[in-house]
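Secondary and tertiary structure notes
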Amino acid sequence: MVNLIIGNLLSAAAAVFMAAANWSDKKTTSFRYQCLQCLILAAASVFFGSYAGVTTLLLCAGRNYLIGIERYTGRICVIFMILTGGVGVLVNNRGLLGLLPVAATVIYCAGSYLARRIMAVKVNILFNQIAWLIYEASVMDIVSAATDAVTMVILIVSMVRLGKKKEIVHDLG
């Protein structure tokens, strides 16, 4: 029980860094905050006893750092995908549910690099968050699950608004 409390407290701290990342106007600052968020969530995953979560989040922190300093290339994307998939599968101790953060991160890496249109970016984020939400619920990371659920609602509303804007532009054209 103590591990769950510590893990959830760390997740709450990580949520503050994600909020700061979303609030930031600068890409470099935003990705620094996201890097810190992932490092804190990796520590939380230690308390949740999820080794795939720890390794996936550490690799996410590295990826976010490289994006923040504008060194994230196609080659580096492939390297992170291979490392995340390989190491995540090797250290997974949670069965199929433990593979969710691994799969979500591999897909998110590819999608982040390949997605060019805003709707594609949002769909990529949504699928990533759905997988993480299921995983978080399975390891009892209630704070992250709640944070991700709220973020997903905001994201879906944003997607609907974006779709309506495109319909209006199409009708006017």
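Residues numbered from 1 in each chain as written. Predicted model: local features only at pLDDT ≥ 70, side-chain atom pairs only at ≥ 80, totals over all residues. Heavy atoms only, no water.

Here's the deal with the packing of aromatic side chains
Tallied over the full model, the rule gives two aromatic pairs. On the basis of an interplanar angle of 40 degrees and a centroid distance of 6.2 Å, the ring pair of Phe-17 and Tyr-33 is categorised as tilted. Linking Phe-17 in helix H1 (residues 2-23) with Tyr-33 in helix H2 (residues 27-48), this pair joins segments that are 16 residues apart in sequence. A residue is classified by how much of its surface remains accessible, and Phe-17, at 26% relative accessible area, is partly exposed. When the centroid spacing of 5.4 Å and the interplanar angle of 85 degrees are considered together, the rings of Trp-132 and Tyr-135 count as edge-to-face. On the criterion of helical spacing, the pair formed by Trp-132 and Tyr-135 is a turn pair, its members being three residues apart in helix H6 (residues 118-138). The two residues Trp-132 and Tyr-135 agree in class, both being buried. (Phe/Tyr/Trp six-rings, centres within 6.5 Å; stacked < 30°, edge-to-face > 60°. Helix = DSSP H or I, 4+ residues; strand = E, 2+ residues; numbered from the N terminus. Buried < 20%, exposed > 50% of the residue type's maximum accessible area, 1.4 Å probe, protein only.)

Concerning the side chain of Glu-136
Considering the arrangement of structural elements, one finds Glu-136 in helix H6. In this structure Glu-136 is buried but unpaired, with Arg-63 as the nearest side chain of opposite charge at 12 Å. One polar contact links the side chain of Glu-136 to the main-chain amide nitrogen of Ala-145, over a distance of 3.3 Å. With near-sequence residues (within four places) excluded, Glu-136 lies in contact with Asp-141, Ser-144, Ala-145 and Asp-148. (Lys, Arg positive; Asp, Glu negative; His and termini not counted. Salt bridge = Lys/Arg side-chain N within 4 Å of Asp/Glu carboxyl O. Polar contact = N/O pair within 3.5 Å; in protein donor to acceptor, adjacent residues only side chain to side chain. Contact = heavy atoms within 4.5 Å.)

Some details on a nonpolar patch on the surface
Together, Leu-97, Phe-127, Ile-130 and Ile-134 line one region of the surface with nonpolar side chains, adding up to about 360 Å² of accessible area. Broken down by element, the nonpolar patch gets its largest block of residues, three residues, from H6. Using a relative accessible area of 33% as the deciding quantity, one classes Ile-130 as partly exposed. (Patch = residues over 30% accessible without salt bridge, like charges linked within 9 Å, V, L, I, M, F, W, Y side chains within 5 Å. Areas by Shrake-Rupley, 256 points an atom, 1.4 Å probe, with all protein chains shown as cover.)

Concerning the nonpolar core
The biggest cluster of nonpolar side chains holds 16 residues, and the ones touching the most others in it are Cys-38, Leu-57 and Trp-132. Elements supplying a minimum of two residues to this core: H2, helix H3 (51-68) and H6. Setting aside chain neighbours within four positions, we find Leu-57 in contact with Cys-38, Leu-41, Ala-42, Ser-45 and Trp-132. One finds Phe-31, Leu-59, Cys-77 and Cys-109 within the second-largest nonpolar core, a separate group that totals eight residues. (Core = buried A, V, L, I, M, F, W, Y, C linked by side-chain atoms within 4.5 Å.)

A closer look at unusual backbone geometry
One non-glycine residue with positive phi stands out, namely Glu-70, at about 60 degrees. Mapped onto the elements of the fold, Glu-70 is located in the loop between H3 and helix H4 (74-91). A relative accessible area of 58% means that Glu-70 is categorised as exposed. Of note, Met-140 is a non-glycine position whose phi angle comes to about 70 degrees, a positive value. Relative to the assigned elements, Met-140 resides in the loop between H6 and helix H7 (142-172). Take Met-140: its relative accessible area is 42%, and that puts it in the partly exposed class.

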